[in-house]
Amino acid sequence: MNSASQAIYLSIVSIGSAGISASRWSAVKLLDGIHKSVRALAREVKNSHLPPRAEAPKPCRIGLALGGGFARGLAHVGVLKALEQEGIVPDFIAGTSVGAVIGAAYCSGVSAKELEEIASIVRFKDFARYTISRFGLCTNDRMTGFLQRILKVKTFEELRIPLAVTATDFVTGEPIIFTKGTLIDPVRASCAYPGVFLPVSVEGKLMVDGLLGHAVPAEPLKKMGADRVAAVFFGAHWVRKNPRHVLEVIGQCFSIAQSNMSCLWRAHADLLIEPDVSAYGFDDFQKALGIVQVGYEAGLKVLPTFHAWAAERDSYQDYERQKKKEKVSLAPTSTIMQQPVPLG
């Protein structure tokens, strides 16, 4: 018992010995109440240095949306490279088509530098092959082996960064968002570009490219809990002159549709990153390092925004840690007296 409590206690003893009619238990309750009041006052003093509730930092969880783009999508690697060099790690990543491949690899633990090395040697034949089918010109079944070689985990649950992979239900047209289970089949489905690749069966349902529902998956990131979303988009059309073959016809049509409907995902994006890939074709895998560099340069331009977001995130996390520390240090203790004691 501290000196203040002792003084109060002696006063009560004095009152009792003077003949004032008050039960001993009532005196103990009075003393206990005084002790609680003192603790409450101490709590207010300790909390006085915290920011007022209205000024408390707000959460700032960062999401990165990686859209489709075939070979041009290798620019995503450059964006990640710029962020990685600054030590900025997104809290969530979502990917469509090639964005799903790169997102899955990065979230599994493959660094941006490693992704750049992979991009420099990957070719169309590494993940696709031509086939005879009524449903598409190619199959991406080789992607299974490709992903098995580069991914460091097998399931969404094992990823170091939460990931969403988009696909589209071929029958219903419903956008599908994969966030759990095995990784490879959802990523393959997200890359099943209509007319080019055969649809992919996932859990008994035929799936095609996620671009039909989420060309740039900004909205899924908001649903995952992101407070700030940066969206990587490739606005350049597939064809600059007359098409050479049916693949360019298909690609150009989808490119036009994506541009015309971009308002759907832009509403959920706080920052737009648009690498200038106009000098590269959709199948320019042999020019991968140049495409990565374009993405890197685009990433450098938006670093001030990412640094501001990261500072907000750190401020909120520090605030939450301080609140938790204060809560633990001020946890209520047992009452100072549980049973009546003699007062005289």
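Everything below is about the structure printed above this text.
From a predicted model like this one, the values you see are computed outputs, not experimental measurements.

Cut-off values and rules
- Residues numbered from 1 in each chain as written.
- Predicted model: local features only at pLDDT ≥ 70, side-chain atom pairs only at ≥ 80, totals over all residues.
- Heavy atoms only, no water.
- Buried < 20%, exposed > 50% of the residue type's maximum accessible area, 1.4 Å probe, protein only.
- Helix = DSSP H or I, 4+ residues; strand = E, 2+ residues; numbered from the N terminus.
- Pairing = 2+ DSSP bridges.
- Right-handed = clockwise from strand over helix to strand, strands pointing away.
- Polar contact = N/O pair within 3.5 Å; in protein donor to acceptor, adjacent residues only side chain to side chain.
- Contact = heavy atoms within 4.5 Å.
- Core = buried A, V, L, I, M, F, W, Y, C linked by side-chain atoms within 4.5 Å.
- Salt bridge = Lys/Arg side-chain N within 4 Å of Asp/Glu carboxyl O.
- Phe/Tyr/Trp six-rings, centres within 6.5 Å; stacked < 30°, edge-to-face > 60°.
- Lys NZ or Arg CZ within 6 Å of the ring centre and 35° of its normal.

A. Local environment of the pairing of strand β1 (residues 62–66). Along β1, five of the five residues are buried, which leaves the element largely enclosed by surrounding structure. Pairing of β1 with strand β10 (residues 228–232), which is carried by five bridges, proceeds in the parallel orientation. In the strand pairing of β10, A65 is matched with A231. Strand direction decides the pairing type here: β1 and strand β2 (residues 92–95), joined by four bridges, are parallel. When the bridges of β2 are listed, L64 appears paired with I93. On the question of chirality, the crossover connecting β1 to the parallel β2 by way of helix α3 (residues 75–85) is right-handed.

B. Main features of the side chain of T96. Within the element layout of this structure, T96 appears in the loop between β2 and α4 (98–108). Classification of T96 as buried rests on a relative accessible area of 0%. Within polar-contact distance, the side chain of T96 engages the backbone oxygen of H214 at 2.7 Å. When near neighbours in sequence (up to four residues on either side) are disregarded, T96 contacts L66, G67, G68, T166, S190, D209, G210, L211, H214, A215 and P217.

C. Representation of the sheet that holds strand β7 (residues 195–197) within the structure. With mixed pairing, three strands are arranged side by side in an open sheet as β3-β4-β7. The strands lining the two open edges of the sheet, one partner per strand, are β3 (129–130) and β7. Direction of pairing for strand β4 (residues 136–139) relative to β7: parallel, over a ladder of two bridges. Counterpart to G136 in the pairing with β7 is G195.

D. Quick peek at the pairing of strand β6 (residues 175–178). Residues I176 and F178 of β6 are buried on one face, while the alternating residues P175 and I177, pointing to the opposite face, are not. The pairing of strand β5 (residues 163–169) with β6 spans four bridges and is antiparallel. Along β6, the bridge assignment pairs T166 with I177. As consecutive antiparallel partners, β5 and β6 are separated by five residues, and within that stretch G173 has a phi angle of approximately 80°, a positive value.

E. The arrangement of the nonpolar core in detail. Counting residues in hydrophobic clusters, the biggest one holds 78 residues, and the most contacted among them are L64, L147, L163, I273 and F306. The leading source of residues in this core is α4, at eight residues. Leaving out residues up to four positions away in the same chain, I273 has contacts with V79, A230, A231, V232, F233, A298, V302 and F306. Among the nonpolar cores identified, the runner-up in size contains twelve residues, and A65, L221, A226 and V229 belong to it.

F. The pattern of salt bridges, seen in detail. Applying the stated rule across the entire model yields twelve salt bridges. We note a salt bridge from R313 to D91, for which the minimum N-O separation is 2.8 Å. Of this pair, R313 sits in helix α12 (residues 303–329) while D91 sits in the loop between α3 and β2, placing them 222 residues apart in sequence. Salt-bridge contacts for R188 lead to D185; the nearest nitrogen and oxygen are separated by 3.9 Å. Here the residue R188 and the residue D185 both occupy positions in helix α7 (residues 184–190), the gap between them amounting to three residues, near one helical turn. Judged by its relative accessible area of 14%, R188 falls in the buried class.

G. The packing of aromatic side chains, seen in detail. Across all of its chains, the model carries ten aromatic pairs by this definition. Centroid distance F124 to F197: 6.1 Å. Interplanar angle 25°. Geometry classified as stacked. Here F197 lies in strand β7 and F124 lies in the loop between α5 (112–121) and β3, a separation of 73 residues in the sequence. Judged by relative accessible area, which is 22%, F124 ranks as partly exposed. Both rings, one in F233 and one in W265, keep their centres 5.1 Å apart while their planes meet at 50°; by these two values the pair is tilted. Here the residue F233 occupies a position in the loop between β10 and α9 (246–260), and W265 occupies one in helix α10 (residues 263–266), the gap between them amounting to 32 residues. Of the two residues, F233 and W265, neither departs from the other in class, the shared state being buried. An aromatic cluster is defined as three or more aromatic residues linked by ring pairs; in this entry it consists of F70, F124, F127, Y130, F197, F282 and F285. Here the guanidinium or amino end of K81 rests over the ring plane of Y296, the centre of that ring lying 5.0 Å away.

The values are spatial; any link to function lies outside them.
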